[in-house]
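# Structural description and commentary
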Amino acid sequence: MTDIKAYVNHQAELVSERLSILLSENMLSTVLDAMKYSVSNGGKRIRPILAMEFARACNGDVASALDFGCAVEMIHTYSLIHDDLPCMDNDDMRRGKPSCHIAFGEDNALLAGDALLTEAFTVLSSVKNIPAENIVKAVSYLSSFAGINGMVGGQVLDLQFEETNPTVEEILQMYSLKTCGLIKASCVLGCLAGEECNEDKIRASIDFAENLGIAFQIQDDILDITSDEATLGKPVGSDEKNDKSTIVKHFGLQKSKELVKEYTDKAIEALSVFNTDTDIIKQLAFMLVDRKN
């Protein structure tokens, strides 16, 4: 069995190195430092790693999947920059360091997020060794999962729920859009980098990501209650302070922990469609839901 933590750390280094290269090519901007600051500010690089692993599962080009994953990571980073802004979550810390708007000012943070979003599609459309039709599909899937029918739509619901009392079903819908959106994109794009990609595997990758993403978000909500700022790298207790509606608030800690396991099991079941070794993907899923930060 692979030492999953060591493996993830090694793969994360590859992602970070590639991101550094992608953000140094032909870029002349005063906002570039803010972009690099946020992209290089830690993180497990789970989304790019999932893209690479689903490419392996589909007998694909892992180097091309790496660039697909880096495009997703750029969008993920832009979303974190914007989430931390005073008009959104108003968080001063991100992964143990000052948030982008604290380090560079709100104006540069806003533009850094915009630039990362835009640059992601430059990277995506420039990937080599992938059929053009799969590049087009990748652009379509990523824009959908990142936009109003995905991550952005989930953020809209999250803000609306601050003024309402959402049902469990509505909270799960928000998780599905906001948290699962880019995880779905990563897994699908990984499949699209594979020679053995087909519609069944794309659907299975979406099913996996949907369930893993919900488990991941519930675990995140649990950690907001049970962890501490030093371990988590960001303020804790913000959900309670902001009176946010979460699954944990509805069901309590014990039931929420049971739901994390249920959704993780569903994610693992979805991998049965693949006729290749998906052990690393499974280990990665368990690592994410067992995490302490």
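Everything in this summary refers to the structure shown in the same document. (Residues numbered from 1 in each chain as written. Predicted model: local features only at pLDDT ≥ 70, side-chain atom pairs only at ≥ 80, totals over all residues. Heavy atoms only, no water.)

### Description of the environment of isoleucine 218
Of note, isoleucine 218 is situated in helix α11 (residues 199-226). Taking the C-alpha atoms as reference points, isoleucine 218 and valine 289, 71 residues apart in sequence, are found 8.8 Å from one another. Not counting residues up to four positions away in its chain, the partners in contact with isoleucine 218 are Tyr175, Ile247, Val248, Ser256, Leu259, Val260 and Tyr263. (Helix = DSSP H or I, 4+ residues; strand = E, 2+ residues; numbered from the N terminus. Contact = heavy atoms within 4.5 Å.)

### A look at the packing of α11 against helix α15 (residues 279-289)
Between α11 and α15, the shortest axis-to-axis distance is 9 Å and the interhelical angle comes to 25°. As far as their axial angle goes, α15 and α11 are roughly parallel. Residue-level inspection shows Phe208, Leu212, Ala215, Phe216 and Gln219 of α11 in contact with α15, the latter providing Ile281, Ala285, Leu288 and Val289. (Axes fitted to C-alpha atoms, helices over the stretch in contact; angles between N-to-C directions. Parallel < 35°, antiparallel > 145°, perpendicular 65-115°, else oblique.)

### Observations regarding the environment of aspartate 3
As for its placement among the helices and strands, aspartate 3 is situated in the segment before α1 (4-22). Given a relative accessible area of 51%, aspartate 3 falls into the exposed group. On a C-alpha basis, the gap between aspartate 3 and isoleucine 280 in space is 9.4 Å, while along the polypeptide they are 277 residues apart. (Buried < 20%, exposed > 50% of the residue type's maximum accessible area, 1.4 Å probe, protein only.)

### Thoughts on the nonpolar core
Of all hydrophobic cores here, the largest spans 91 residues; its most connected members are Phe54, Phe68, Phe208 and Ile218. Apart from residues no more than four positions distant in its own chain, phenylalanine 208 is found in contact with Leu50, Phe54, Cys187, Ala267, Ala270, Leu271, Ile281 and Ala285. (Core = buried A, V, L, I, M, F, W, Y, C linked by side-chain atoms within 4.5 Å.)

### Brief notes about unusual backbone geometry
Not every positive phi belongs to a glycine, and asparagine 59 is a case in point at roughly 55°. Its location among the elements puts asparagine 59 in the loop between α3 (46-57) and α4 (62-84). One non-glycine residue, arginine 95, lies in the positive phi region at around 55°. In this structure, arginine 95 sits in the loop between β1 (93-94) and β2 (97-98).

### Focus: the pattern of salt bridges
Scanning the entire structure with this criterion turns up nine salt bridges. A salt bridge links arginine 56 to glutamate 53; the nearest nitrogen and oxygen atoms lie 3.2 Å apart. Here arginine 56 pairs with glutamate 53, and both are found in helix α3, just three residues apart, close to one helical turn. Note on arginine 56: relative accessible area 38%, which makes it partly exposed. The shortest N-O distance in the salt bridge between arginine 203 and aspartate 200 comes to 2.4 Å. Note that arginine 203 and aspartate 200 are positioned in helix α11 at a spacing of three residues, about one turn of the helix. Looking at aspartate 200, the relative accessible area reads 44%, which means it is partly exposed. (Salt bridge = Lys/Arg side-chain N within 4 Å of Asp/Glu carboxyl O.)

In short, the description is geometric, and any link to function would need to be established separately.
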